[in-house]
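For reference, the chains in residue letters:
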Amino acid sequence: MTEAGKKGVTYWGMVWRQLKQNRLAMIGLFITVLLLLVAIFAPLLANNRPLVLYYKNHLYFPALFDYSELHNVDFKELKEELKPGDFILFPPVPYSATEYDLTATLEGPSKKHWLGTDDRGRDVLARMIYGARISLSVGFVAVSIAAIIGVFLGSVAGYFGGIVDHIINRLIEIILTIPTFFLIIAIIAFLPPSIYNIMAVIGLTGWTGIARLVRAEILKLKKMEFVLAARALGASHARIIGRHLLPNAMAPVLVSVVFGIAGAILTESSLSFLGFGVPPPTPSWGDILSQSRDYIEFAWWLTTFPGLAIFISITAYNLVGEGLRDAMDPKLFR
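Treat the numbers as computed from the prediction; the structure is a model and nothing was measured.

(A) Molecular detail of the sheet that holds strand β1 (residues 52-55). Pairing in this open sheet of three strands is antiparallel, and the strands run β2-β1-β3 from one edge to the other. Of all the strands in the sheet, the pair left with one neighbour each is β2 (58-60) and β3 (87-89). When strand polarity is set aside, the average angle formed by the axes of neighbouring strands in this sheet is 15 degrees.

Here you go:
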């Protein structure tokens, strides 16, 4: 009996214990969770609307809700006009991602603008916070699309074999012969600029690796006794694949998905840098980098901070992926 069986610990419990022993993987996991929280709570971290406003005996939460009586109100001017008993609380970064200030263009990092401003006076930190939403949304959605397609085609190819396997393998080989990045650019060039198009295109072109992993696992598993027993009991093909094969074939897919998120973030940043990404004024890390090309000699913050954000996020996901790959190896369980 394995150590997991003796102690009543599940396989995923053993994986988590192994993962916790990998310091780099845990650092990467901490960073990925932090980025996710930043993306989710972006309106509470960077906003030109206050989090809480107590004004004229009424309590408002302008950062979360839209109030008709507060339309066209300049909250920063209102702050100077508050009477005793009134109260206003702004987010840590009191700027929105699209707020212009042409009197503060290309200012360096300061107490007012922690990471400086761009060529239109927009706060770089606010744009990076909202840019995290774009990068992570593209990463998660695109990889989810790729995983659904890859798992479906890989399981069908591995389970049925024969002509079905042959056709799916030829399709995978055709897609692999085309440089993915250039294929994405070619497709996006014919589509209207949209974050949803970027997600769909990256997902529709990134499923081949997952499909090959699932196919290989299914080929190994379908000859095992529990699958033969299910078939002998009259289980349908869909039930055998969905209930018996896929749950036992998903471990390597999870690792591939984590690496895929890092790849999708890098692809979206590259597309935005080249001008094929999310249309303005929606902020993205690649778009901020693209703006820096004309000011790189003196506006170093426009290159440094978004570049670090891309580097750190991709490195964090790769560290988590490598940690999962090692933690899922039964030979290392102890």
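(B) Fine view of the packing of aromatic side chains. Considering all chains together, one arrives at six aromatic pairs under this definition. Taken together, a centroid distance of 6.2 Å and an interplanar angle of 75 degrees make the contact between F181 and F182 edge-to-face. The class of F182 is exposed, set by a relative accessible area of 59%. Measuring from centroid to centroid gives 5.8 Å for W300 and W301, while their planes differ by 85 degrees, and the two rings are edge-to-face. Given the relative accessible area of 46%, W300 is considered partly exposed. Three or more aromatic residues joined by ring pairs form one cluster here, namely W300, W301 and F305. Over the ring of F273 we find R293, and its NZ or CZ is 4.9 Å from the ring centre.

(C) Spatial organisation of the pattern of salt bridges. Considering all chains together, one arrives at eight salt bridges under this definition. Two residues, E99 and K76, come together in a salt bridge whose shortest N-O distance is 3.4 Å. Of this pair, E99 sits in the loop between β3 and α6 (124-160) while K76 sits in helix α5 (residues 75-81), and the two are 23 residues apart along the sequence. Taking relative accessible area as the criterion, K76 reaches 29% and is therefore assigned partly exposed. A salt bridge links E173 to R170; the shortest N-O distance between them is 2.7 Å.

(D) Expanded view of the pairing of β1. Of the pairings in the sheet, the one linking β1 to β3 comprises three bridges and is antiparallel in character. What sits directly across from L53, in β3, is I88. In terms of strand pairing, β1 meets β2 through three bridges, oriented antiparallel. Pairing of L53 across the sheet is with Y60, part of β2. Turn length for the β1-β2 hairpin, with the two strands adjacent in sequence and antiparallel, is two residues, and the turn residue K56 shows positive phi of about 55 degrees.

(E) Seen up close, the side chain of R122. Mapped onto the elements, R122 comes out in the loop between β3 and α6. If sequence neighbours within four positions are ignored, R122 has contacts with A97, T98, E99, Y100, G116, T117, R127 and Q291.

(F) The nonpolar core, seen in detail. Within the largest apolar cluster, 71 residues are counted, with the highest numbers of intra-cluster contacts made by M128, L245 and L324. Looking at which element gives the most residues to this core, the answer is α6, with 15 residues. Of all hydrophobic cores here, the second largest spans nine residues; its members include V156, I168, I175 and W207.

(G) Representation of a nonpolar patch on the surface within the structure. A cluster of nonpolar side chains, namely V33, L36, L37, I40, F41, F140 and V141, defines an oily patch on the protein surface of about 550 Å² accessible area. For the nonpolar patch, the secondary-structure elements that each account for two or more residues are α3 (23-40) and α6. Considering every element that reaches the nonpolar patch, the biggest residue donor is α3, with four residues. Looking at the element boundaries, V141 is found in helix α6.

Conventions used here
Each residue is numbered by its place in its chain's sequence as written, counting from 1. The predicted origin of the model limits local features to residues at a pLDDT of at least 70 and limits the giving and counting of side-chain atom pairs to 80 or more, whereas totals for whole chains, interfaces and linings rest on all residues. Excluding hydrogens and water, the side-chain figures rest on all heavy atoms present in the structure. Here, a strand pair is defined by DSSP locating no fewer than two bridges between the strands. Numbering of helices and strands runs from the N terminus; a helix is a DSSP stretch of H or I covering at least four residues, while a strand is a stretch of E covering at least two. Lines fitted to C-alpha atoms define the axes, with helix axes restricted to the stretch in contact, and inter-axis angles between N-to-C directions lie between 0 and 180 degrees. When two rings of Phe, Tyr or Trp (its six-membered ring) have centres within 6.5 Å they constitute a pair, described as stacked for plane angles under 30 degrees, edge-to-face for angles over 60, and tilted for the intermediate range. Using a 1.4 Å probe on the protein chains alone, a residue whose accessible area is under 20% of its type maximum counts as buried, one over 50% counts as exposed, and one in between counts as partly exposed. Both a distance and an angle decide whether a charge sits over a ring: NZ of Lys or CZ of Arg must be within 6 Å of the ring centre and within 35 degrees of the ring normal. When a carboxyl oxygen of Asp or Glu is within 4 Å of a side-chain nitrogen of Lys or Arg, the pair counts as a salt bridge. Throughout, a residue-residue contact means that at least one pair of heavy atoms, one from each residue, lies within 4.5 Å. Remark: nonpolar core denotes a set of buried residues (Ala, Val, Leu, Ile, Met, Phe, Trp, Tyr, Cys) joined through side-chain atoms within 4.5 Å. Each patch is built from residues that are more than 30% exposed by relative accessible area and take part in no salt bridge. Like charges join if they lie within 9 Å; nonpolar side chains (Val, Leu, Ile, Met, Phe, Trp, Tyr) join within 5 Å. Here the Shrake-Rupley method, with its probe set to 1.4 Å, supplies the accessible areas, and only the displayed protein chains count as covering residues.

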